[in-house]
Amino acid sequence: MFLKTSFTTLIVGVFVVYVLHTCWVMYGIVYTKPCDNPKSDKCITPFLAGNPKLQLSIYTSTQPNAAGGHTLIHKEDKFDVSSKFERIINVSIPTKTRNNGTLYALIFVHQAGVSPWQDPRQVHMVAHLTTYMVPKPPEISLISMDGQAEHQKEDAQQKKRRDTKPASGGGADGRAASDHPTSHWRCRLTLNIVADHFLFDQTHLPADVHRYLKVFQNGKKVVYLPLLFVDELSNRVKDLLEINSTSTELPLTISYDSISLGRLRFWIHMQDAVYSLQQFGFTEKDADEIKGIFVDTNLYFLALTFFVAAFHLLFDFLAFKNDISFWKQKKSMVGMSSKAVLWRCFSTIVIFLYLVDEQTSLLVLIPAGIGSIIEVWKVKKAFKIQIFWKGGKPTFQYGKLDESERRTEEYDTLAMKYLSYLLYPLCIGGAVYALISLRYKSWYSWVINSLVNGVYAFGFLFMLPQLFVNYKLKSVAHLPWKAFMYKAFNTFIDDVFAFIITMPTSHRLACFRDDVVFLIYLYQRWLYPVDKTRVNEYGVCYDDKPKGKKHKD
């Protein structure tokens, strides 16, 4: 006989299986089985084990195969693969690249004193020094209109170029219009080589390393050349410089460090994942957000972040599920702050519009949009709004409040009255400050940014009216405690990371201020306990089959 399984139990089970499977996959990525017997013919030995004298040479070319000519920009004569270094050089930009073209870097690791073009045992990689991206629009002060004249001058220059030369649509031979992708300079080139003398087993050679492995026969032994890797994840949008006709020289930071085999394999997988997202239509900005997760975080801390994010996602889903169930069965707004529900709907929509204005990744934008729709549905339930269609036009009808609901509404209105004395001056002052001192692309951006800053800064204050209603009614039986607890767990997770990660004091205070309100909620739950064996004053009974007692009104 099968036991009855709840939907929540099923979801938790799937979550546990997913976490365990992910751990197994990650272990398979970072761990590589070495060759057991070093003398076996199945072993692939490292070329670096012989301590050869190596040289690092970097060339630039407008073609990935140097067919259009190449220029040496940097070389390390005594190149030690185990030594870390960073060099800053100036690179001459060819005319073709200045005309919205592309420039490549050809990186060679070869024997010292030998040209890489004549060295049969050289390894090389090709990297993009340029990328195409839509230029960032200029930001102006809406009061002084600073930058408007400069913006108009730039538009006139672009119009003149379009009139004198056909637009290439972002091609390699001409400057595109301002709303088309243009060539941008990557200021950083990060290189890595596996310095460990790892013995590969030919029967257990990882597929991700195989394309980086270059081997040659040395007698009966198979030897692999140094594993050279170009770290594309280190190329961030914030470091890009737009290339124009006057950009004859641009700075380039060449950074080198050794890397372990496990970290190399992990980096290869992450880099391939980002590339796949770009092939599916993700923009350079979307990919940059994902890069920041890996580049700006320690690898061990990244693993911890994965587990925390997984639990965060689980609690979000459970909170979402219980919140929907609670409001679906909700028939009365007794004890519930309707203005707090309306505020949550407003703040969610403002945040969604802000994400749209900032062109945020679809991974964040889609959940925010779904959340906004749910909050609108909750407002409809809270205010008992019914929609009728007459003659193709919607007609709204509001439900009537009973005596208990009217009393709750009075307490809610009184709480909002006290709160407005503090909230309105703060919001108006913040909006005026943003208008005077900050820069935005348009009036719409200023309005959205001012609203979203108010939501982020003072949104927690709108949790207070519900506390006031609880205090006046001396009851918390009307709250969705399951969804509330799941949201509290997520808040606790955020607080832990606020301590682990180095953050400004103001940001840490912002993380902990919601906890203060949550502790007050817990105190009210202890102060006004719920007797599940009786029907409370709102007509709700939590225990359908009480033992030894009759229900009391």
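A brief look at the structure comes next.

Calculation rules
Residues numbered from 1 in each chain as written. Predicted model: local features only at pLDDT ≥ 70, side-chain atom pairs only at ≥ 80, totals over all residues. Heavy atoms only, no water. Pairing = 2+ DSSP bridges. Helix = DSSP H or I, 4+ residues; strand = E, 2+ residues; numbered from the N terminus. Buried < 20%, exposed > 50% of the residue type's maximum accessible area, 1.4 Å probe, protein only. Patch = residues over 30% accessible without salt bridge, like charges linked within 9 Å, V, L, I, M, F, W, Y side chains within 5 Å. Areas by Shrake-Rupley, 256 points an atom, 1.4 Å probe, with all protein chains shown as cover. Salt bridge = Lys/Arg side-chain N within 4 Å of Asp/Glu carboxyl O. Contact = heavy atoms within 4.5 Å. Phe/Tyr/Trp six-rings, centres within 6.5 Å; stacked < 30°, edge-to-face > 60°. Lys NZ or Arg CZ within 6 Å of the ring centre and 35° of its normal.

1. Details of the sheet that holds strand β11 (residues 215-218)
- With mixed pairing, four strands are arranged side by side in an open sheet as β10-β1-β12-β11. In this open sheet, the two edge strands, each paired with only one partner strand, are β10 (200-201) and β11.
- The pairing of β11 with strand β12 (residues 221-224) spans four bridges and is antiparallel. Opposite F216, over in β12, you have V223 as the bridge partner.

2. A look at the pairing of strand β2 (residues 54-61)
- Counting buried positions along β2 yields eight of eight residues, so the element is predominantly enclosed.
- Neither face of β2 is left uncovered, since the one carrying L54, L56, I58 and T60 and the one carrying Q55, S57, Y59 and S61 both have all their residues buried.
- Note that β2 and strand β3 (residues 71-79) share six bridges and pair antiparallel. Across the sheet, residue S57 finds its bridge partner in β3, namely K75.
- Here eight bridges tie β2 to strand β5 (residues 104-111), and the two strands are oriented antiparallel to one another. Within the sheet, the bridge partner assigned to Y59 lies in β5 and is L106.

3. Some details on a nonpolar patch on the surface
- Together, F7, L10, V14, F317 and F320 make up an exposed nonpolar region whose accessible area comes to about 460 Å².
- For the nonpolar patch, the elements supplying multiple residues, two or more each, are α1 (7-30) and α7 (299-328).
- Take the nonpolar patch: its biggest share by element is three residues, from α1.
- Mapped onto the elements of the fold, F7 is located in helix α1.
- On the basis of relative accessibility, which here comes to 46%, the residue F7 falls in the partly exposed class.

4. Description of the environment of K328
- Mapping K328 onto the fold places it in helix α7.
- On a C-alpha basis, the gap between K328 and K378 in space is 8.9 Å, while along the polypeptide they are 50 residues apart.
- With residues near it in sequence (within four places) discarded, K328 still touches W377 and K381.

5. Re the packing of aromatic side chains
- Within the structure shown, the criterion is met by 17 aromatic pairs.
- Relative to Y256, the ring of F79 has its centre 5.0 Å away and its plane inclined at 70°; by these criteria the two rings are edge-to-face. Here Y256 lies in strand β15 (residues 249-259) and F79 lies in strand β3, a separation of 177 residues in the sequence. An identical accessibility class is assigned to F79 and Y256; each is buried.
- Between R263 and the ring centre of W267, over which it is positioned, the NZ or CZ distance is 4.7 Å.
- Directly above the ring of Y471 sits K474, whose terminal nitrogen or CZ lies 4.4 Å from the centroid.

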